Amino acid sequence: MASNANSCPCGTGKDYAACCGPYHDGQSLPPTAEATMRSRYTAFSMGKADYIKATLAPGFDEDFNDEDFAESAKQTQWQALEIRDLIQGGPDDTEGWVEFVARFRLHGRPMVHHEKSRFVRGGETNRWLCADSEMNPKAPQRVVAKVGRNDPCPCGSGKKYKKCCGA
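About the thresholds
Residues numbered from 1 in each chain as written. Predicted model: local features only at pLDDT ≥ 70, side-chain atom pairs only at ≥ 80, totals over all residues. Heavy atoms only, no water. Core = buried A, V, L, I, M, F, W, Y, C linked by side-chain atoms within 4.5 Å. Buried < 20%, exposed > 50% of the residue type's maximum accessible area, 1.4 Å probe, protein only. Helix = DSSP H or I, 4+ residues; strand = E, 2+ residues; numbered from the N terminus. Contact = heavy atoms within 4.5 Å. Phe/Tyr/Trp six-rings, centres within 6.5 Å; stacked < 30°, edge-to-face > 60°. Pairing = 2+ DSSP bridges. Axes fitted to C-alpha atoms, helices over the stretch in contact; angles between N-to-C directions. pLDDT = per-residue confidence, 0-100. Salt bridge = Lys/Arg side-chain N within 4 Å of Asp/Glu carboxyl O.

Side note on the nonpolar core
Thought 1: Core analysis: the biggest nonpolar cluster contains 19 residues, and M37, F64 and F119 have the highest contact counts within it.
Thought 2: Of all elements in the fold, only helix 2 (33–46), helix 3 (49–54), strand 2 (95–106) and strand 4 (127–135) reach the threshold of two or more residues within this core.
Thought 3: For this core, the leading source of residues is helix 2, giving five residues.
Thought 4: Those residues in contact with M37, other than ones at most four positions away along the chain, are I83, V98, F100 and F119.
Thought 5: Counting five residues, the second largest nonpolar core, distinct from the first, contains C8, C10, Y16 and C19.

Here it is in structure tokens:
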């Protein structure tokens with residue numbers, strides 16, 4: 001995807017003014033949990049602490065520290081956002097989850113932040129708010145059945161494993 005100097009950091013390929021800019025300026029609210037996640041990533045990349053705080057659910061905003069954020073923003077170069085999974089979070093939903101990977105450099109070292117965030121609609125404006133997160137979510141563990149040499153072949157041929165796929 002080609003990018004230009006005005007490309008939004010969130011990775012949609014749109015200009016900032018037509019993507020996350022209106023959310024940051026308070027002209028409109030993100031319509032989905034994914035749009036909120038993208039706008040939060042962009043706010044992190046641009047050092048917009050007020051927007052980050054405004055998109056935190058009540059109770060979660062208490063841990064936010066403006067000075068820590070400002071110090072971190074000076075030392076961090078955000079590079080890319082990858083949305084891995086979406087569960088609900090559409091325009092008509094009240095809750096949704098966004099799994100994402102954010103790549104960045106901290107003190108010049110490449111870093112990866114993998115998170116699954118829960119978003120809820122809330123507040124007087126019914127805006128999407130980040131309500132919870134799980135760091136480094138893991139995919140369900142794959143279970144592999146062990147096949148013995150004389151067991152039926154799992155391919156469904158009707159032959160013994162040793163005479164079919166195990167040959």
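Quick look at the packing of aromatic side chains
Thought 1: Counted according to the given criterion, the structure contains five aromatic pairs.
Thought 2: Ring geometry for Y41 against W78: centres 5.7 Å apart, planes inclined by 80 degrees, an arrangement best described as edge-to-face. Remark: W78 occurs in strand 1 (residues 76–88) and Y41 occurs in helix 2; sequence separation between them is 37 residues.
Thought 3: Look at W78 and F104: their rings are 4.7 Å apart centre to centre, the planes differ by 40 degrees, and that puts the pair in the tilted class. Remark: F104 occurs in strand 2 and W78 occurs in strand 1; sequence separation between them is 26 residues.

A closer look at the sheet that holds strand 2
Thought 1: If you trace the four strands from one edge of the open sheet to the other, you get 1-2-3-4, paired in antiparallel fashion. Both outer strands of the open sheet, strand 1 and strand 4, are each paired with one neighbouring strand and no more. Strand after strand, the sheet turns through a mean of 30 degrees between neighbouring axes, direction not considered.
Thought 2: Note that strand 3 (residues 109–122) and strand 4 share eight bridges and pair antiparallel. Bridging across to strand 4, R118 finds its partner in D132.
Thought 3: The strands touched by helix 2 within the sheet are strand 1, strand 2, strand 3 and strand 4, with strand 1 carrying the most contacts at an inclination of about 170 degrees.
Thought 4: Relative to strand 1, helix 4 (residues 66–75) is tilted by about 110 degrees, and along the sheet it contacts strand 1 and strand 2.

What about the pairing of strand 2?
Thought 1: Inspection of the sheet shows strand 1 paired to strand 2 by 11 bridges, in the antiparallel sense. Looking at strand 2, one finds that A80 is bridged to R103.
Thought 2: Here strand 1 folds back onto strand 2, and the loop between the two strands holds six residues, one of which, G89, carries a positive phi near 80 degrees.
Thought 3: The loop that links strand 2 with its antiparallel partner strand 3 comprises two residues; one of these, H107, has a positive phi angle of about 55 degrees.

A look at the confidence of the model for the chain
Thought 1: Residue-level pLDDT values for the chain average 87, and 91% of them are 70 or greater.
Thought 2: Mean pLDDT in the chain bottoms out at helix 4, which sits at 87, and peaks at helix 1 (residues 21–24), which reaches 97.

Looking at the pattern of salt bridges
Thought 1: For the coordinates displayed, the defined rule picks out six salt bridges.
Thought 2: As a salt-bridge pair, E34 and R38 come within 3.0 Å of each other at their nearest N and O atoms. Linking E34 with R38, this pair stays in helix 2, spanning four residues, or about one helical turn.
Thought 3: Taking the relative accessible area as the measure of exposure, E34 reaches 24% and is therefore partly exposed.
Thought 4: Linking R118 and E95 is a salt bridge whose minimum nitrogen-to-oxygen distance equals 2.8 Å. Pair noted here: R118 is in strand 3 and E95 is in strand 2, with a separation of 23 residues, a long-range link.
Thought 5: R118 sits in the partly exposed class, given a relative accessible area of 25%.
Thought 6: Three or more residues joined by partner-sharing salt bridges are found here, namely E82, R84 and R103.

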